Number of protein chains: 4
Amino acid sequence: MRIGVLTAGGDCPGLNAVIRSVVHRALTGHGDEVIGFEDGFKGLLDGHYRPLDLNAVSGILPRGGTILGSARLERDRLREAAESSAELAKQYGIDALIPIGGEGTLTASRMLSDAGMPVVGVPKTIDNDISGTDRTFGFDTAVMVATEAIDRLKTTAESHQRVMVVEVMGRHAGWIALESGMAGGAHGICLPERRFQVEDLVKMVEERFSRGKKFAVVCVAEGAHPAEGSMDYAKGAIDQFGHERFEGIGNRLASELELRLGKEARPVILGHVQRGGTPTAYDRVLATRFGWHAVEAAHRGEFGMMTALRGTDVIMVPLAEAVAQLKTVPERRMYEAESVF
Amino acid sequence: MRIGVLTAGGDCPGLNAVIRSVVHRALTGHGDEVIGFEDGFKGLLDGHYRPLDLNAVSGILPRGGTILGSARLERDRLREAAESSAELAKQYGIDALIPIGGEGTLTASRMLSDAGMPVVGVPKTIDNDISGTDRTFGFDTAVMVATEAIDRLKTTAESHQRVMVVEVMGRHAGWIALESGMAGGAHGICLPERRFQVEDLVKMVEERFSRGKKFAVVCVAEGAHPAEGSMDYAKGAIDQFGHERFEGIGNRLASELELRLGKEARPVILGHVQRGGTPTAYDRVLATRFGWHAVEAAHRGEFGMMTALRGTDVIMVPLAEAVAQLKTVPERRMYEAESVF
Amino acid sequence: MRIGVLTAGGDCPGLNAVIRSVVHRALTGHGDEVIGFEDGFKGLLDGHYRPLDLNAVSGILPRGGTILGSARLERDRLREAAESSAELAKQYGIDALIPIGGEGTLTASRMLSDAGMPVVGVPKTIDNDISGTDRTFGFDTAVMVATEAIDRLKTTAESHQRVMVVEVMGRHAGWIALESGMAGGAHGICLPERRFQVEDLVKMVEERFSRGKKFAVVCVAEGAHPAEGSMDYAKGAIDQFGHERFEGIGNRLASELELRLGKEARPVILGHVQRGGTPTAYDRVLATRFGWHAVEAAHRGEFGMMTALRGTDVIMVPLAEAVAQLKTVPERRMYEAESVF
Amino acid sequence: MRIGVLTAGGDCPGLNAVIRSVVHRALTGHGDEVIGFEDGFKGLLDGHYRPLDLNAVSGILPRGGTILGSARLERDRLREAAESSAELAKQYGIDALIPIGGEGTLTASRMLSDAGMPVVGVPKTIDNDISGTDRTFGFDTAVMVATEAIDRLKTTAESHQRVMVVEVMGRHAGWIALESGMAGGAHGICLPERRFQVEDLVKMVEERFSRGKKFAVVCVAEGAHPAEGSMDYAKGAIDQFGHERFEGIGNRLASELELRLGKEARPVILGHVQRGGTPTAYDRVLATRFGWHAVEAAHRGEFGMMTALRGTDVIMVPLAEAVAQLKTVPERRMYEAESVF
């Protein structure tokens, strides 16, 4: 068998672990050949690829990033790819394509699959928001990085009687905020899934100060929003192009809390440190298993599917199911966490 | 409600997170009272306990160990505890007891429960070998520590053309060896679940050297055993009391490989660093959820049960089921990992 | 002897290690008594203090923050403290005061010392900008945190062909940027000590892209400034109060580079994660030595001095010398680092 | 100029950082050529080398090990190297040789230098025992790894009322034990520089238990020795070849303490995890500076010297001085640490 592999979308710890695992399983388990397309679907369309042997993937397991590069592809070119899907497979002589990517990539993969490309997808997102799988690799690393940051910020907040607002990733789903907030013991957690009342956060902080705990840490997802009319003090700043720039909910919320509480509140925007670097052991194991199962699925001819974690098992689920809707934080998980506002 | 909590058995990262979570949920969610028994069941029998309020559990979430202490109890005294189970509950005025512990503790908990104590167990083991739950807290931390060690050892092995044998915990189940071996990219993994042939490891190392990869790392569970007659070079050493002391499979296997291969082989015994210290974010979240659900179960009157992770949900399972048999690494997981010998 | 200790100024990993060391040395080495003033000089003026025995400092060595709290004091109240310096010493019956703090605190300490308080200072700053000492504790931790962030960002920059701009602490001295930039292998480093030409950074990035290295990481101190007229594309945003808010050199430089290069450039502002949390081993050792030597100096009657690292030795230097001028990065260190712009 | 570089002796975090720095400075700063000899002096004698350009050292800064490999050379072949020193330089056309290594390597380097090879040495040892330099790279990483282990072990010791004995590296000098013991807050530290009385350790532990601190951690250098006749309970075990195998001071001391105290004592032998893996920021900076200065020294024609840290500066010192005697822990540092036995 000849297998193509590519990585698309944003960076995510564990991408290299999947690539390595695909190569290992395909070569030593089945005697296959593997080629890697460069910079995602671009490489597939433009014919940029290289053969991947054991040496090519030696030592990459603990490394962040992707040795194949990644790039976002414009919609038009994706359509182009979909239309020539069957020819592309023939052109490269590949019996299976394993795209590793997030929601956008999996949607594209489904288009390619529908158009005749034998596709086995591997889901990837630090946000953990892909349906059909209990967890995705990269998420555990992002939560770990955010938790370590909260751990560090807490000591400062406590020593200085301050409120710290930590903004973590998560535009549409608040999994990172939920789990790093729980792991770090944040006193307030704000998610995209539920509009928060600033007033409630103010009360929480005041209640803490009143019983002698003179600090608080709030963990807010970048996609969290205050309830309409609830955040009226702080105003965003306007840049030269007339729109708010480098202003996010973290900065705004810290401003608002400081104005309302009359106490120091400091924002910390974690940003891209959450999506790069060496993956946790958890993410390496999950990524390695996904790569292994993707190759097995290809050999069983299970196309149009993607790997998924279900309990302790890795199973295959239809791509259609995976991209049908975003996996957001359900009410019962917020209830459990207690400090979700 | 008045709830008693205790920790028993070996150390495990996340114990404090459970205690904190029990106290938080019970006090702020239900207006309960919580008391903590000291040094496991000993405290229950000897009347050593203290009230736990929010201040008592402040700041303990990221800390290893257990603020309540832990101790193993002799079998006789456990029977004593079981016999006076109902009286003990009455004596302390507790409506629920939440023991946090491993297989032994859960067995004892079941005895107490059968004898009339309203028990909700919380499973704990770095070995991940308790049935009925997908994972236990502490395991992820142990795997992370072992993986970081393998990462470090690999660079030395490579630079010095050496074989490194890393012995990790796992007397009866090889989960830590399996997952840290996979995450660290160990070239050989030996588990208690399958007797290994030293000859196969020798061949693997020689094959690696022959294709220019002049080093290898073997990850071996402390409970792994060579097949009968397979390890005949290295002999154990006899101490003053006539038995082998401080000799484990790691030391023995390194000896054997060095003698057979004629190449340097070095053992590293990770030992207790795997079971202490600050828990990973994953373990903190799982431990926190277990504590929360244990309190909820107590309020629903679901006794004789323990908390368990099933997919993404925390559910309750009967203690009887959990202790019926050890959860060992199944064949299919070994097959997936590829480097299990 | 009766010794008072206090911590003032911003948070800094190692404060607790100094406090612990002072208490250990004073109590077990000399049979002294130690009291800790709360929230810096405020506690000294307002009479908020508590006795510190071995139990009070148990377990605090690896913890960030300060068990004594810290607060900035207004200038007026500091003058008040200085004026009543001798009386304060008498009032509390202290034979020595050990203030642990940065440049401001040491200046205040000198005033108190001149006015009759027997003071032994301990310098503290994550910025490493205090003269008279080779290094200060807290700096190593800050550099480590910043280096780990750069390590993580590099993999993302590389996979996505991006420029990453990391803003680290250092308003007046660029030590953190210099050392984390070197340790992380940043391709450009900008310091407060030298105005940079954006044009030079643009050339460096273009040169890298032209030889196939399609990414770059720039590490910039928060106090770095572009040469006059060198950064003219990106404009700061104006908030509701008419001044630039939450806009720093990191955001601005990323904007400017993106506009000039026509390539994605992303800012990451590390902020407060650099100044809290568990200290590195290096900082714990230095902090512990400083505490030990401060007590010894007090017993030798060497007041008006502060502890300092000189080579491998801890010595005492006059407070006057330490606060005379800021220790900035000298030209020869920039020359060595090569990538300073 | 044409510069040769090689790494010899045991693994040490920072070796790759030196190699990278030599190549960067030589190529971009001076337009030199650099070749790397493989497996230490072996490569020099056997003609195994490769050119090193910027690509060859790309991405190696944070990696442990050495891309050039390392091997110990037999005394005879070293003599051979020394005898043909001048010819070797001519043969490879090198104007300078930069060997990076420990005490043995530097002694060999001195022999080569005396025999006509233009040598600039770079000292390397995780043990920090080379004279003439305040610190060596690799040491900070080793101390960090040991400190993290002690942090983890402490929580277990405390929860289980146990004595933990941690054996760290240091055959002839106790720097790692001293600094990790201080940083980890070990209650007892044993060094090669001073024979310890087991009885004193026993008293210390008993005193702790008597005042309610029911655990203790002892940090012992592998080269530490008990005073004659002081450790008479535990006996070493004899292996099949008639000598003690895999028994070190850590195991023996734990045995002895358990027998004397009647309390659980557990040994942990950290071993090779201390000498591999990614270097700390401190070690990366020091290693990078050493590489830079070695190239500068070569260009100034300062041969027979090695780089050294003196205060905050990197200077050159004669190789002769550096290898004259081992740098051991002086009495005053033991006095400062307080817990050295």
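Since the model is a prediction, treat every value here as computed from it, not as a measurement. Chains are numbered independently. Their residues run from 1 in the order of the written sequence. Throughout, the order in which chains and ligands are written sets their labels, letters from A for the former and numbers from 1 for the latter. Only residues with pLDDT of at least 70 are given local features in this predicted model, and only at 80 or more are side-chain atom pairs given and counted; all residues enter the totals for whole chains, interfaces and linings. To obtain the side-chain values, all non-hydrogen atoms of the structure were used and water was disregarded.

K.L.:
Now, about the relation of the copies chain C and chain A: what can you tell me, with residues and values included?
P.N.:
The fit set for superposing copies consists of C-alpha atoms from residues with pLDDT of at least 70 in both; the fit itself is least squares. For the pair chain C and chain A, the best superposition has an RMSD of 0.0 Å and corresponds to a rotation of 180 degrees with a translation of 0.0 Å parallel to the axis. Read as a symmetry element, the transformation amounts to a two-fold axis. Note on definitions: a residue-residue contact is assigned when non-hydrogen atoms from the two residues lie within 4.5 Å. Most of the interface of chain C is mirrored in chain A: 98% of its interface residues are interface residues there too.

K.L.:
Summarise the interface of chain C and chain A; cite the residues concerned and give the values.
P.N.:
With 46 residues of chain C at the interface, the matching set in chain A holds 46 residues. As used here, buried area is the combined drop in accessible area, with a 1.4 Å probe, of two parts when they are placed together. Both sides together, the interface formed by chain C and chain A hides about 3,500 Å², and carbon and sulfur atoms give 52% of it. Any Lys or Arg side-chain nitrogen found within 4 Å of a carboxyl oxygen on Asp or Glu counts as a salt bridge. Where chain C touches chain A, the interface holds zero salt bridges. Between N or O atoms, a polar contact is any pair within 3.5 Å; within protein, one atom must be a potential hydrogen donor and the other a potential acceptor, and residues adjacent in sequence are included only when both atoms are from side chains. Applying the counting rule to chain C against chain A returns 24 residue pairs in polar contact (both at pLDDT 80 or more). Counting from the N terminus, the helices are the DSSP runs of H or I reaching at least four residues and the strands are the DSSP runs of E reaching at least two. Counting only elements with at least two residues in the side of chain C that touches chain A, the list comes to helix 6 (139-160), helix 9 (249-261) and strand 9 (265-269) of chain C. Looking at the side of chain C that touches chain A element by element, the count peaks at ten residues for helix 6 of chain C. Note on residue classes: Ala, Val, Leu, Ile, Met, Phe, Trp, Tyr, Cys and Pro are nonpolar, Asp, Glu, Lys and Arg are charged, and everything else, Gly too, is polar. Tallied by class, the residues present in the side of chain C that touches chain A amount to 16 nonpolar, 20 polar and ten charged.

K.L.:
A description of the UniProt feature "binding site: ATP" (unreviewed entry) in chain A should follow, citing residues and the corresponding values.
P.N.:
All names here are of chain A. UniProt positions are given in the numbering used here, feature names are shortened, and annotations may be inferred rather than shown by experiment. Mapped onto the present numbering, the UniProt feature "binding site: ATP" (unreviewed entry) falls on Gly 10, Arg 72, Leu 73, Gly 102, Glu 103, Gly 104 and Thr 105. A stretch of 96 residues holds the annotated residues, and the largest C-alpha distance among them is 13.3 Å, short enough that they meet in one place. Apart from residues no more than four positions distant in its own chain, Glu 103 is found in contact with Ile 130, Val 323 and Leu 326. Note that Thr 105 resides in helix 5 (residues 103-114). Excluding residues that lie within four positions of it along the chain, Thr 105 makes contacts with Ala 8, Gly 9, Phe 41, Pro 99 and Ile 100.

K.L.:
Any chance you could break down the sheet that holds strand 11 (residues 313-318) of chain D for me, citing the residues and the numbers?
P.N.:
Residues and elements named next belong to chain D. What makes two strands pair is DSSP finding at least two bridges between them. Sheet architecture is open: seven strands sit in the order 3-2-1-4-5-10-11, paired in mixed fashion. Of all strands in the sheet, those with a lone pairing partner are strand 3 (49-51) and strand 11, marking the two edges. Strand-to-strand twist in this sheet, taken as the mean axis angle between neighbours without regard to direction, amounts to 30 degrees. The sheet contact formed by strand 1 (residues 2-7) and strand 4 (residues 96-101) spans five bridges and is parallel. In the sheet register, Leu 6 faces strand 4, and the bridge partner there is Pro 99. Sitting on the sheet, helix 5 (residues 103-114) is in contact with strand 4, strand 5 (120-123) and strand 10 (305-310), with an inclination near 160 degrees to strand 4. Each axis is a line fitted through C-alpha atoms, taken for helices only over the stretch in contact, and angles between the N-to-C directions span 0 to 180 degrees.

K.L.:
Kindly report on the sheet that holds strand 10 (residues 305-310) of chain C, identifying the contributing residues and their values.
P.N.:
Residues and elements named next belong to chain C. Ordered by their spatial adjacency, seven strands build an open sheet running 3-2-1-4-5-10-11, and the pairing between neighbours is mixed. Looking along the sheet, the strands with just one partner apiece sit at the ends: strand 3 (49-51) and strand 11 (313-318). Mean inter-strand twist for the sheet, computed between neighbouring axes without regard to direction, equals 30 degrees. One ladder, built from two bridges, connects strand 5 (residues 120-123) with strand 10; its direction is parallel.

K.L.:
With reference to specific residues and values, describe the domain arrangement of chain A.
P.N.:
All names here are of chain A. Start and end positions for the domains come from either an automated domain assignment or a database one. Partitioning chain A into domains gives domain 1 (2-138 + 277-324) and domain 2 (141-274). Each of domain 1 and domain 2 has a C-alpha centre, and the two are 35 Å apart. The interface of domain 1 with domain 2 comprises eleven residues on the first partner and ten residues on the second. On the domain 1 side of the contact with domain 2, Ile 126, Asp 127 and Thr 280 bury the most area, a combined 52% of that side's loss.

K.L.:
Account for the pattern of salt bridges, naming residues and giving values.
P.N.:
Where side chains of opposite charge bring their charged atoms close, a pairing between them can arise. Residue and element names in this part refer to chain A. Inspection of every chain in the model, using the stated rule, returns 96 salt bridges over all chains. Salt-bridge contacts for Arg 333 lead to Glu 336; the nearest nitrogen and oxygen are separated by 3.6 Å. Taken together, the positions of Arg 333 and Glu 336, both in helix 12 (residues 331-337) and three residues apart, correspond to about one turn of that helix. An identical accessibility class is assigned to Arg 333 and Glu 336; each is buried. Only protein chains enter the accessibility calculation, which uses a 1.4 Å probe; a residue is then buried when its area is under 20% of its type maximum, exposed when over 50%, and partly exposed in between.

K.L.:
Tell me what's going on with the interface of chain B and chain A, and back it up with residues and numbers.
P.N.:
If you look at the interface, chain B gives 39 residues, while chain A gives 39 residues. For the pair chain B and chain A, the two sides together bury roughly 3,200 Å², of which 50% comes from carbon and sulfur. The largest per-residue losses of area from chain B upon contact with chain A belong to Trp292(B), Glu336(B) and Glu338(B), which jointly make up 17% of the total buried on that side. Taken together, the links from chain B to chain A amount to eight salt bridges. In this structure, the salt-bridge partner of Arg289(A) is Glu336(B), at a minimum N-O distance of 2.6 Å. Applying the counting rule to chain B against chain A returns 20 residue pairs in polar contact (both at pLDDT 80 or more). Secondary-structure elements contributing two or more residues to the side of chain B that touches chain A are helix 1 (15-30), helix 6 (139-160), helix 7 (175-184), helix 10 (281-300) and helix 12 (331-337) of chain B.

K.L.:
Give a detailed account of the packing of aromatic side chains, specifying residues and quantitative values.
P.N.:
The relation between two aromatic rings is expressed through the spacing of the ring centres and the mutual angle of the planes. Classification of ring pairs rests on two measures: the distance between centres of Phe, Tyr or Trp rings, Trp counted by its six-membered ring, which must be within 6.5 Å, and the angle between planes, read as stacked under 30 degrees, edge-to-face over 60 and tilted in between. Applying the stated criterion across every chain yields a total of 22 aromatic pairs over all chains. A centroid spacing of 5.4 Å and a plane angle of 85 degrees characterise the contact between Tyr335(C) and Trp292(D), whose relative ring orientation is edge-to-face. Of this pair, Tyr335(C) sits in helix 12 (residues 331-337) while Trp292(D) sits in helix 10 (residues 281-300), placing the two residues on different chains. Three or more aromatic residues link up through ring pairs in this structure, and these residues are Phe37(A), Tyr49(A) and Tyr92(A). One residue, Arg208(C), lies across the ring of Phe215(C), its end atom 4.9 Å from the ring centre. Charge over a ring is defined by NZ of Lys or CZ of Arg lying within 6 Å of the ring centre and within 35 degrees of the ring normal.

K.L.:
Please give an account of the pairing of strand 6 (residues 163-168) of chain C that cites residues and values.
P.N.:
If a strand is regular, its side chains alternate between the two faces of the sheet. Residue and element names in this part refer to chain C. Among the six residues in strand 6, six count as buried, and that is most of the element. Both faces of strand 6 are covered, namely the face carrying Val 163, Val 165 and Glu 167 and the face carrying Met 164, Val 166 and Val 168. In terms of strand pairing, strand 6 meets strand 8 (residues 216-221) through six bridges, oriented parallel. Bridging across to strand 8, Val 163 finds its partner in Ala 216. Where strand 6 lies against strand 9, five bridges are found, and the strand directions are parallel.

K.L.:
Describe helix 8 (residues 198-210) of chain B, listing the residues and the values that go with them.
P.N.:
Along an α-helix, residues three or four apart share an orientation, since each turn contains 3.6 residues. Residues and elements named next belong to chain B. Across its 13 residues, helix 8 extends 18 Å between first and last C-alpha, which sits within 8% of the 18 Å expected from 1.5 Å per residue. Restricting attention to buried positions, one finds in helix 8 the residues Val 198, Leu 201, Val 202, Met 204, Val 205, Arg 208 and Phe 209. Looking straight down helix 8, one finds that the buried residues subtend no more than 160 degrees of arc, so they occupy a single side. Exposed residues lying more than 90 degrees from the buried face of helix 8 are Lys 203 and Ser 210. Its buried side turned inward, helix 8 meets strand 6 (163-168), strand 7 (188-190), strand 8 (216-221) and helix 9 (249-261). A helix is expected to reach a length of 1.5 Å times the quantity of its residues less one. Within this analysis, the arc is defined by the directions that extend from the helix axis to the C-beta atoms.

K.L.:
Go over the side chain of Ser180(A) with me, naming the residues and quoting the values.
P.N.:
Residues and elements named next belong to chain A. Relative to the helices and strands, Ser 180 resides in helix 7 (residues 175-184). Residue classification places Ser 180 among the buried positions, given a relative accessible area of 0%. Engagement of the side chain of Ser 180 in a polar contact is seen with the backbone oxygen of Ile 176, the distance being 2.7 Å. Those residues in contact with Ser 180 that sit more than four places away from it in its chain are Val 143, Ala 146, Thr 147, Ile 150, Val 168, Gly 185 and Cys 219.

K.L.:
Give a description of unusual backbone geometry that names residues and reports values.
P.N.:
All names here are of chain D. Of note, the phi angle at Asn 128 is positive, near 60 degrees, even though the residue is not glycine. Looking at the secondary structure, you find Asn 128 in the loop between strand 5 and helix 6 (139-160). Judged by its relative accessible area of 3%, Asn 128 falls in the buried class. One non-glycine residue with positive phi stands out, namely Glu 338, at about 70 degrees. Under the relative-accessibility criterion, Glu 338 is labelled partly exposed at 31%.

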